[in-house]
Number of protein chains: 2
Amino acid sequence: MNPTEIIRKKRDGGTLSRDEINRMIQGYLDGSIPEYQLSAFLMAVYFQKMNFEETTILTDIMLHSGIVINLKDLPGIKVDKHSTGGVGDKVSIILAPMVAACGVPVPMISGRGLGHTGGTLDKLESIPGFRTTLNLEEYRKVIAEAGVVMIGQTAEIAPADKRLYALRDVTGTVECIPLISSSIMSKKLAEGIDALVLDIKTGRGAFMATEADAVRLSETLVAVGTMFGVRTIGFITDMSQPLGRAVGNWNEIVECIECLRGADVPDLMEVTLTLGAGMVMLGGKAGSIAEGKALCKEAIASGRAWEKFLQMVRLQGGDVAAVENPASYPRSAVSMEVRSSSDGFVGAIDALEVGFTGIMVGAGRMTVEERIDPKAGIMVMKKVGDRVKKGDILATLGTDRTGSISSAASRLEKAFSITAAPPEHTPLIRSFVDSTGVHPVPR
Amino acid sequence: MNPTEIIRKKRDGGTLSRDEINRMIQGYLDGSIPEYQLSAFLMAVYFQKMNFEETTILTDIMLHSGIVINLKDLPGIKVDKHSTGGVGDKVSIILAPMVAACGVPVPMISGRGLGHTGGTLDKLESIPGFRTTLNLEEYRKVIAEAGVVMIGQTAEIAPADKRLYALRDVTGTVECIPLISSSIMSKKLAEGIDALVLDIKTGRGAFMATEADAVRLSETLVAVGTMFGVRTIGFITDMSQPLGRAVGNWNEIVECIECLRGADVPDLMEVTLTLGAGMVMLGGKAGSIAEGKALCKEAIASGRAWEKFLQMVRLQGGDVAAVENPASYPRSAVSMEVRSSSDGFVGAIDALEVGFTGIMVGAGRMTVEERIDPKAGIMVMKKVGDRVKKGDILATLGTDRTGSISSAASRLEKAFSITAAPPEHTPLIRSFVDSTGVHPVPR
């Protein structure tokens, strides 16, 4: 099979066979197909898409490019969560120990922040000593002992995805549902999970800006997961404003600690409890989302979620004293307050702009090589719908970059729209997707 | 300027600036932009196209990637012809000396055959000793002395095109009007010509299979030429059956020799005289196509075209005795006749299939590395519209590949459709394109 012919076939809207997709992907991995052919192929896929069968085949090929972890010897239905990422999205860090505290094992493999969205690994690593680079033996040991483990992708898992993603990132071929789906699902299916809950974000701060695209992506992901025997459900959730109040790595860990200890940050906990409820349900510990939610709330109220978090921190080498006493953490050199210049209501907070402000202060990175300052970040003090008076603090910024703080503050201020009338309420959790279709969110 | 951003801009349908196009092309040439980014960019251009200004800018950048020959010191309006290529298209070899014999200098830079279409250089090189690789000094000397020269592209001319084309060829990004146009025109504009006649083929054996595409390509080429100050006109001509009777390199030279000596191969001479007339008109020696055609006919009838051909062969190192006595040329080891299995009319001859049969017998190549057998080829004995009886010879094949001749003959037979009724007559020269638009062919 000639790779040029395969590129042309996809370019002209054809449906590729397993052999043809395999020729492109394996050929790329073994060096017989050069990068310039694969990137042209990916751009052709960007325009012509892949149907469900092609997407499943691509996922399967990427999944089997590395090892597939087998956790069958561990008791329980192993459930993970995947989010398409957002600004202030620290859900995993509360959710994983909370769900584990309900008796559902959570083997979680997460990613790093890039661009305006943060990454769970960067957040966890702001905890002194916390190791996200466990090898597979350690991974298995921690999940067996604690029922929860949170690590980064290892070189053994879906190596094809790592190489493909690096190429997509520099060739304008990231935003493509079949490619996104196979990238996400090949990694998740390799973890050894039995079920998966997806959090597909929509809105200005999300990867999928429109709700229609988010729904289409969810449907594909759910269908692929189901096809591979992993029960998969998805929630479409809003990312038009940052989730919770903290943006920045240690900031967000502190917010998670507070929530795990019972604080209520309404939007953050609504998402966390809903996704957690879905995991508990899939894990066989609840018969409905409502029942799952009650179990999750009880896990927090009883202190078991917090204890589970401390156990995981300890097993992964983290400094338990630091998380028990967050005030002892180093502080940024400078801080600044952003205040409202008028009376009214917070009509909108542009999550994308907040994310970019986070990068300016050192809380995020534009390229994979950049270092992150774990202390740096933003606290959002007024959320959408809040009434504000002129002079009220909208947000605070902290950074060691003394030269950047003023321009960051000015950018952050522009992210807030102050309106005379309160904004219309839009639901945070938009819809629910399972293998039968798209539904209203079960309560 | 980030190349990924430029790719994304084109991918999303944006119009690129000169700086952005330059960044991609120059970056590719200087190694700062890797092939995998350029190929993704080319595929994005394939889908999103380029507008006329972008096409002009791309042509200009490619043109100035190498030297631009200046022939201003030579008298006369220098005119070249470019054809998009076809099966049996040997027009250049009759036309260049014929037009030069009318007093219009023809500095012609041609290409090689690839796939089912033949190349003028391969045909000329079947003449023993004929050198198509003159350096620029020799090129200038031959055109000054003979008023006609026919060479291949040198490394100094539009090197960007050479590298871009090689990448397009293996990434499925060839069939794209802005890329085709800048490729053709950057080379032609570098030759030092004042005017250009285009032969845009349409039909099964052509690069542009539909007439609508052929017209669109012509319009773009004419507009680009005009923009660069080179008077450019185009003819849309039929390539649904092979042009003339000979397919194969020396075969075609023999047919050219016969035509230059006054033989009439109707379709071949109709195209040759029409294109030649356009060149003579642009060259200022005729006031109309009709007048130009009369001059071209006279150049042949008088023997001046033939003498001009002999002079060019001599100046470019070719064996004049061989062309004066073509029967002395070596013959293929085996030959075979393809006969009609029924009575009727030749309804169609699939030029694409004839071209592929040519490759099977060694007359063409599928990859640039393959060697061509100059002796090998096909003679088409019955053309579209001819009445045939069962057993009549439709075509003959000659090759040294004794093992391939039967399957080649069987493929060639299938290229002929024999119908009960005569086919409808379709005009060979479809339309005429100049800077004012598309017109009926001037008579």
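This text follows the structure it describes.
Worth saying up front: this structure is predicted, and the values here are computed from it rather than measured.

### A word on the packing of aromatic side chains
Any pair of aromatic rings gets described here by the distance separating the centres and the angle formed by the planes.
Here's step 1: Enumeration according to the criterion identifies nine aromatic pairs over all chains in this entry.
Here's step 2: The interplanar angle of 10° and the centroid separation of 3.7 Å between the aromatic rings of B:W250 and B:Y329 together place this pair among those described as stacked. Separated by 79 residues along the polypeptide, B:W250 in helix α11 (residues 249–260) and B:Y329 in the loop between α15 (320–324) and β7 (334–339) bring together distant segments of the chain. Assigned by exposure class, B:W250 and B:Y329 land together as buried.
Here's step 3: Each residue in the set A:Y46, A:F47, B:Y46 and B:F47 is aromatic and connected to the rest through ring pairs, giving one cluster.
Here's step 4: For the cation-ring pair, B:R163 lies above B:Y28, with the distance from its terminal atom to the ring centre recorded as 4.3 Å.

### Some points on the relation of the copies chain B and chain A
Here's step 1: Note on the identical chains: chain B maps onto chain A by a rotation of 179° and an axial translation of 0.0 Å, with an RMSD of 0.0 Å. Taken together, the rotation angle and the small translation identify this as a two-fold axis. Considering only C-alpha atoms, the residue of chain B closest to the rotation axis is B:Y36, which sits at 1.8 Å.
Here's step 2: Comparing interface residues between copies, 100% of those in chain B also sit at the interface in chain A, which points to an isologous, same-surface contact.

### Structural notes on the interface of chain B and chain A
Here's step 1: Residue-level contacts link 22 residues of chain B with 22 residues of chain A.
Here's step 2: In this assembly, chain B packs against chain A so that about 1800 Å² is buried in total across both faces, 63% of it on carbon and sulfur atoms.
Here's step 3: Ranking the residues of chain B by area buried against chain A places B:R11, B:Y36 and B:F47 at the top, with a combined share of 34%.
Here's step 4: Linking chain B with chain A are four salt bridges, by the criterion used here.
Here's step 5: When the shortest N-O distance is used, the salt bridge between B:R8 and A:E175 registers 2.5 Å.
Here's step 6: If you look at where chain B meets chain A, you find 15 residue pairs in polar contact (both at pLDDT 80 or more).
Here's step 7: Put simply, the parts of the chain that give the side of chain B that touches chain A at least two residues each are α1 (3–11), α3 (35–48) and α8 (159–169) of chain B.

### Quick notes on unusual backbone geometry
Residue and element names in this part refer to chain B.
Here's step 1: We note that K49 has phi near 65°; this positive angle belongs to a residue other than glycine.
Here's step 2: Take K49: it is sitting in the loop between α3 and α4 (52–63).
Here's step 3: Positive phi outside glycine occurs at A158, with the angle close to 40°.
Here's step 4: Mapped onto the secondary structure, A158 falls in the loop between β3 (148–152) and α8.

### A look at the environment of B:V68
Residues and elements named next belong to chain B.
Here's step 1: The residue V68 is located in the loop between α4 and β1 (79–83) in this model.
Here's step 2: Residue V68 is classed as partly exposed on the basis of its relative accessible area of 40%.
Here's step 3: Along the sequence, V68 and R8 sit 60 residues apart, while their C-alpha atoms lie 33 Å from each other.
Here's step 4: What V68 contacts, discounting residues up to four positions off in sequence, is L63, L189 and A190.

### Digging into the sheet that holds strand β9 (residues 377–380) of chain A
Residues and elements named next belong to chain A.
Here's step 1: Sheet architecture is open: four strands sit in the order β6-β9-β11-β7, paired in antiparallel fashion. Each edge of the open sheet carries a strand with a single partner, namely β6 (246–247) and β7 (334–339).
Here's step 2: One ladder, built from four bridges, connects β9 with strand β11 (residues 393–399); its direction is antiparallel. Across the sheet, residue I378 finds its bridge partner in β11, namely L397.
Here's step 3: Docked against the sheet, helix α17 (residues 405–415) engages β7, β9 and β11, running at close to 25° with respect to β7.

### A word on helix α14 (residues 304–315) of chain B
Residue and element names in this part refer to chain B.
Here's step 1: Compared with an ideal rise of 1.5 Å per residue, which puts 12 residues at 16 Å, α14 spans 16 Å between its outermost C-alpha atoms and is within 8% of the ideal.
Here's step 2: Among all positions in α14, only A305, W306, K308, F309, L310, Q311, M312 and V313 are buried.
Here's step 3: Two residues or fewer past α14, G317 is found with a positive phi of approximately 85°.

### A look at the side chain of B:S39
Here's step 1: Position of B:S39 relative to the elements: it lies in helix α3.
Here's step 2: Side-chain polar atoms of B:S39 contact the backbone oxygen of A:Y36, separated by 2.6 Å.

### Brief notes about the pattern of salt bridges
Here's step 1: Under the criterion given, the structure shown has 60 salt bridges over all chains.
Here's step 2: Within the structure, one salt-bridge network assembled from shared partners comprises A:E5, A:R8, A:R11, A:D12 and B:E175.

### Structural notes on the environment of B:V271
Residues and elements named next belong to chain B.
Here's step 1: With respect to the secondary-structure elements, V271 resides in helix α12 (residues 266–282).
Here's step 2: Separated by 213 residues in the primary sequence, V271 and L58 place their C-alpha atoms 31 Å from one another.
Here's step 3: Discounting chain neighbours no more than four positions away, the residues touching V271 are V91, D199, K201, L243, L428 and I429.

### Points about the environment of A:M360
All names here are of chain A.
Here's step 1: Structurally, M360 can be placed in helix α16 (residues 351–361).
Here's step 2: Placed 48 residues apart in sequence, M360 and A408 show a C-alpha to C-alpha distance of 6.1 Å.
Here's step 3: Not counting chain neighbours up to four residues away, the residues in contact with M360 comprise R401, S404, S407, A408 and R411.

Conventions adopted
- Residues numbered from 1 in each chain as written.
- Chains lettered and ligands numbered in written order.
- Predicted model: local features only at pLDDT ≥ 70, side-chain atom pairs only at ≥ 80, totals over all residues.
- Heavy atoms only, no water.
- Phe/Tyr/Trp six-rings, centres within 6.5 Å; stacked < 30°, edge-to-face > 60°.
- Helix = DSSP H or I, 4+ residues; strand = E, 2+ residues; numbered from the N terminus.
- Buried < 20%, exposed > 50% of the residue type's maximum accessible area, 1.4 Å probe, protein only.
- Lys NZ or Arg CZ within 6 Å of the ring centre and 35° of its normal.
- Least-squares fit on C-alpha atoms with pLDDT ≥ 70 in both.
- Contact = heavy atoms within 4.5 Å.
- Buried area = accessible area lost by both parts, 1.4 Å probe.
- Salt bridge = Lys/Arg side-chain N within 4 Å of Asp/Glu carboxyl O.
- Polar contact = N/O pair within 3.5 Å; in protein donor to acceptor, adjacent residues only side chain to side chain.
- Pairing = 2+ DSSP bridges.
- Axes fitted to C-alpha atoms, helices over the stretch in contact; angles between N-to-C directions.
- Expected span 1.5 Å × (residues − 1).

Function cannot be read off these values alone, since they describe shape.
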